[in-house]
Amino acid sequence: MKKFKFILRLSVTLILISYLIFKTDIKKLSDIIAETNILFLFIASLLYLFSSYLSTLRWKLFVCSDCSLTIRKLFSIYMVGTFFNIFLPGIMGGDLMRIIILRKITGIGDAVASVFLERYIGFLALLFLGFIFFLLFYSYMPKNELIFLVPLLFLIFSSLSIFIFALRKFSFFRLLIDYFYKFNSKAFSKAFLYSLIIQLIVMFSVYLIFLSIGASVRFYEVVIYLPVIIVLTTLPISISGLGVREWSFVVFFGGTLGNEKAVAVALLWFLSVAFASLLGGIEYLRFKNFFDMPKK
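As a starting point, this report considers the structure included with it.

Conventions and cut-offs
- Residues numbered from 1 in each chain as written.
- Predicted model: local features only at pLDDT ≥ 70, side-chain atom pairs only at ≥ 80, totals over all residues.
- Heavy atoms only, no water.
- Helix = DSSP H or I, 4+ residues; strand = E, 2+ residues; numbered from the N terminus.
- Buried < 20%, exposed > 50% of the residue type's maximum accessible area, 1.4 Å probe, protein only.
- Contact = heavy atoms within 4.5 Å.
- Areas by Shrake-Rupley, 256 points an atom, 1.4 Å probe, with all protein chains shown as cover.
- Salt bridge = Lys/Arg side-chain N within 4 Å of Asp/Glu carboxyl O.
- Axes fitted to C-alpha atoms, helices over the stretch in contact; angles between N-to-C directions.
- Parallel < 35°, antiparallel > 145°, perpendicular 65-115°, else oblique.
- Left-handed = near helix turned anticlockwise from the far one by under 90°.
- Nonpolar A, V, L, I, M, F, W, Y, C, P; charged D, E, K, R; others polar.
- Core = buried A, V, L, I, M, F, W, Y, C linked by side-chain atoms within 4.5 Å.
- Expected span 1.5 Å × (residues − 1).
- Bend = angle between axes of the 7 residues up to and from the residue.
- Phe/Tyr/Trp six-rings, centres within 6.5 Å; stacked < 30°, edge-to-face > 60°.

1. What about the overall build of the chain?
Argument step 1. Each helix and strand in the chain was counted, giving 13 helices and zero strands.
Argument step 2. The linear arrangement of helices and strands in the chain, starting from the amino end, is α-α-α-α-α-α-α-α-α-α-α-α-α.
Argument step 3. The burial tally for the chain puts 51% of its 296 residues in the buried class.
Argument step 4. When contacts within the chain are restricted to residue pairs at least 6 apart in sequence, those whose partners lie at least 24 apart make up 74%.
Argument step 5. Of the roughly 14600 Å² that the chain leaves accessible, carbon and sulfur atoms contribute 72%.

2. Some details on the pattern of salt bridges
Argument step 1. Taken as a whole, this structure holds nine salt bridges when the rule is applied.
Argument step 2. A salt bridge links E221 to R218; its shortest N-O distance comes to 3.6 Å.
Argument step 3. Among the residues examined, R218 registers a relative accessible area of 48% and is labelled partly exposed.
Argument step 4. Here R245 and E246 are joined by a salt bridge, their closest N and O atoms 3.3 Å apart. Here the two residues R245 and E246 agree in accessibility, since each one is buried.
Argument step 5. Look at the salt bridges and you will find they share partners, linking R58, D95, R98, E118 and R119 into a network.

3. Section: the packing of helix α6 (residues 108-137) against helix α9 (residues 185-212)
Argument step 1. Remark: α6 packs on α9, axes separated minimally by 8 Å, with the N-to-C direction vectors making an angle of 60°. Regarding the angle of α6 to α9, the classification is oblique. Viewed along their axes, α6 and α9 form a crossing whose handedness is right-handed. Of α9, the residues touching α6 (which contributes L117, I121, G122, L124, A125, L126, F128 and L129) are F188, A191, F192, S195, L196, Q199, L200 and M203.
Argument step 2. Within the contact of α6 with α9, the residues separate by chemical class into 13 nonpolar, three polar and no charged.

4. Remarks on the nonpolar core
Argument step 1. Formed by 61 residues in total, the largest nonpolar core has its most connected members in F210, V222, I224, L226, F249, F253 and W269.
Argument step 2. Contributions of two or more residues to this core are made by α2 (26-34), α3 (38-60), α6, α7 (149-166), α9, α10 (219-234), α11 (244-257) and α12 (259-284).
Argument step 3. Excluding anything up to four places from it in sequence, F249 contacts V206, F210, L226, I229, G254, A262, V265, A266 and W269.
Argument step 4. With 20 residues, the next largest nonpolar core counts W59, F83, A111 and V112 among its residues.

5. Comments concerning α11
Argument step 1. The end-to-end C-alpha distance of α11, which contains 14 residues, comes to 18 Å, matching closely the 20 Å that a straight helix rising 1.5 Å per residue would cover.
Argument step 2. Where α11 bends most, at V251, the angle is about 45°.
Argument step 3. Looking at α11, one finds that the buried residues are V244, R245, E246, S248, F249, V250, F252, F253, G254 and L257.
Argument step 4. Trailing α11 by a residue or two, G258 shows a phi angle of about 100°, which is positive.

6. Looking at the environment of L136
Argument step 1. With respect to the helices, strands and loops of the structure, L136 is situated in helix α6.
Argument step 2. Between the alpha carbons of L136 and Y220 there is a distance of 9.2 Å; along the sequence they are 84 residues apart.

7. Re the packing of aromatic side chains
Argument step 1. Inspection of every chain in the model, using the stated rule, returns 28 aromatic pairs.
Argument step 2. On the numbers, 5.7 Å between centres and 50° between planes, the contact of Y138 with F148 is tilted. Taken together, the residues span a long stretch of sequence, with Y138 in the loop between α6 and α7 and F148 in the loop between α6 and α7 at a distance of 10 residues.
Argument step 3. When the ring of F210 is compared with that of F249, the centres are 6.2 Å apart and the planes differ by 40°; the resulting orientation is tilted.

8. Overview of the environment of F137
Argument step 1. Positionally, F137 belongs in helix α6.
Argument step 2. Here F137 falls in the partly exposed class, since its relative accessible area comes to 23%.

Right, dumping it as structure tokens:
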């Protein structure tokens, strides 16, 4: 089964890459990338690192308060997760790595629940921002039926949240919901505020990458389209989101910028994240230290 899933993901990646090669002038694409403003790209990587640190602070809100986990250690674990996101399917594979490490400290149940809550609130803020900007700037956006994916995804996510609470009788969902009730409204409000800031930083870093190649886009376009692109890239249907991410940028930005600039931004965004995530690779070399941590 695992081999079949890998072949399926590899097939999706290769099909989409082949399609993009067919639809893109490779020479023009390489010229665009060669003329990239490296300073903007470097700043985008630093912003991603900063957003990862804020994500760690958000995660800390839902990790046991009585276990020996400092922000420094938790940040190391978080960055190991981002490093593995580069190689694993979708962009959620690193979450499994975080759970594997954290379970040695908190136990498997709390590890799964804390990672799920941290990721859940992040997605809620992401889709919320997209939805709010959709309402505010819809009349200024290019007419594209796919823009309605923004409110649709927000409504689906909200409905699924309600549905999960309705499934409390199932053990897995009961675990998550019981863990949810351990925390007060102040913790969730703080986590949501962190999430809004994190998502805006990520969106601004992508906006900088557009500027780095001289692409003319408005910031609100990035805020509206990026949530859909991230959701599609998160789906475990390709290798590290490769192909899906580039195709998504072409779908949403190719009509106004051209396919070459859209693909260039997608590739440069991946490279900026991969560069920042190398810190997680360094932390992975210290991986055995995490297993020396005492259990809760």
